[in-house]
Structures are given as C-alpha cells and as structure tokens.
Amino acid sequence: MADLRPALAADPPGAAAPGSDPQHLAIAVVRRAMAGPRPGEAAQSAMSTRPRSRPGDFDYAGPPRLSAVLILLYPQDATLSFVLTVRTDTVAHHKGQVSLPGGAWEKADASLAQTALREAEEELGISLAGAELLGELTGLYIAPSHYELRPYVAYVASQPAFRPSRDEVAQLLRVPLAALLDPALRQVETWTLRGREVEVPFFDLLGHKVWGATAMVLSEFAAMLESAGASPNPAD
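Residues numbered from 1 in each chain as written. Predicted model: local features only at pLDDT ≥ 70, side-chain atom pairs only at ≥ 80, totals over all residues. Heavy atoms only, no water.

Now for the overall build of the protein. Check the secondary structure of the protein and you find four helices and 11 strands. Pairs at least 24 residues apart make up 73% of the contacts formed inside the protein by residues separated by at least 6 positions. If you sum the accessible surface of the protein, you get close to 10,600 Å²; carbon and sulfur atoms cover 51% of it. (Helix = DSSP H or I, 4+ residues; strand = E, 2+ residues; numbered from the N terminus. Contact = heavy atoms within 4.5 Å. Areas by Shrake-Rupley, 256 points an atom, 1.4 Å probe, with all protein chains shown as cover.)

Bringing the pattern of salt bridges into the picture now. Scanning the model with the defined rule gives seven salt bridges in all. As a salt-bridge pair, Arg 50 and Glu 199 come within 3.5 Å of each other at their nearest N and O atoms. Taken together, the residues span a long stretch of sequence, with Arg 50 in the loop between α2 (41-44) and β1 (65-76) and Glu 199 in strand β10 (residues 196-205) at a distance of 149 residues. You can call Arg 50 partly exposed: its relative accessible area is 34%. Two residues, Arg 118 and Asp 109, come together in a salt bridge whose shortest N-O distance is 2.9 Å. Asp 109 shares its class with Arg 118; the two are buried. Because the salt bridges share partners, they merge into one network encompassing Glu 106, Asp 109, Arg 118, Glu 119 and Glu 122. (Salt bridge = Lys/Arg side-chain N within 4 Å of Asp/Glu carboxyl O. Buried < 20%, exposed > 50% of the residue type's maximum accessible area, 1.4 Å probe, protein only.)

The subject of this paragraph is the packing of helix α1 (residues 27-35) against helix α4 (residues 212-227). With their axes 8 Å apart at the nearest point, α1 and α4 run at an angle of 105° to one another. Considering their axes alone, α1 and α4 lie roughly perpendicular with respect to each other. Each of Val 30, Ala 33 and Met 34 in α1 lies in contact with α4, whose residues at this interface are Phe 221, Met 224 and Leu 225. Of the residues in the contact of α1 with α4, the class split is six nonpolar, no polar and no charged. (Axes fitted to C-alpha atoms, helices over the stretch in contact; angles between N-to-C directions. Parallel < 35°, antiparallel > 145°, perpendicular 65-115°, else oblique. Nonpolar A, V, L, I, M, F, W, Y, C, P; charged D, E, K, R; others polar.)

So this is what it looks like as structure tokens:
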C-alpha cells in the first residue's frame, strides 16, 4: 500500500438517509450478493444518462487509461454504510461531482484491486491493511474522461477515522447502504450536457445528486443486493 498522506481535512458529519435498517443489510447479505452473478450493463443502464456518451463523441488518441474505485463498507451506528466524496474544483476530472474513492492505475500497483485500495487510502486518509476485499463489480468505459473503470467492494469491521485529502475531497458523505434500495431516492431530470439535452438518472443521497459512472456502479451493486434478498424496509 502507498504511504498515507498527513492529517487532512476533518470529516464533515452527514445526516442519515432513509432506509437504513441494519437487519436487512448485514455484511452476510453483502457477501451472498458478491458471490452471486453480476447483472452488468442491464443493471448499470438503469442509471445511465440517455443518450449515453460514446467513444466516437470524443477525439482521443490511444487506449483508455485503466482506473479503479472502491465501495468501502463499514458499520456506523449499527448500520452498514459506505462513503462517497465530493470532488474539489482542483482535480483533473469530474470537478465538484460526487464519486466513489478511486483513481488511475499506476505501474507500482500489482492489480486494479490494489489501485482501488491505494487510492481510497490516499483520498480518505486511512489504512486499509485489514480490509476484506469482497469482490469486483462489472467494469465500464467512461467516455468523457477516457477511462476504463473497474469497481471493487471491500469491508472493514470498524468505522474508520477518516482524514480526507484537502487536494481531492471537498466533502465526505457517509451513506447508509440501504439507501441504495429506496426507490424514492432514484430520480430523473433533463440536463444540458456538452451542448445537448439528456435525461440524467441520479441517486438523491444526503442532498447530493449522484449520477454518471458512480450511479451506474451503485445501480449494479443495488441490484445484486436485491437479488440476495436485501430490503430497505423492516416489514419486507
């Protein structure tokens, strides 16, 4: 693992989102979900912009750069949660957007899973030496930044003491995992992106619109949780 950055910006508190019953999203359910099939593009497309950007929309030379992101699960107030970051206005890509921690593969990385863990350590200011890597989700190509993205899921048994990077993270969002299963938190709006109108599905999480590749990754993960029997409602 890469060395951690020095003590960084404090973790801003976040309000709890709806649908956070811990009994319906225990880590055992997540392990069962990760052991099952991945629905792939069929689940991702539910939260993809329509029409989605394609490689031909951009003039890139060479193959896409490999990258990886991490859905980091941890217990918070007896509820399984994960973190998202609001990116600063000084990062190279996706300024101000809500993202999963992650970044580009480097030659020193033995695998893309290591890339996801290393980048999460650097962005969040934590050590993941004891993290349990639960598996990989379906990769996807991000046309606007010309990245091939590989998502991974990991779990730590206690809540980390986050110290997010000032350079990369404007705000840290602590999201109850069950919020991904709440249909009321999935919305669609019409936006103008790169000069054309598109329909943009997004998760409304803690007052932030989570869209694009991040929403597509979370959409597949939510579909896998549902297939494993997870429910946001205690009565279900």
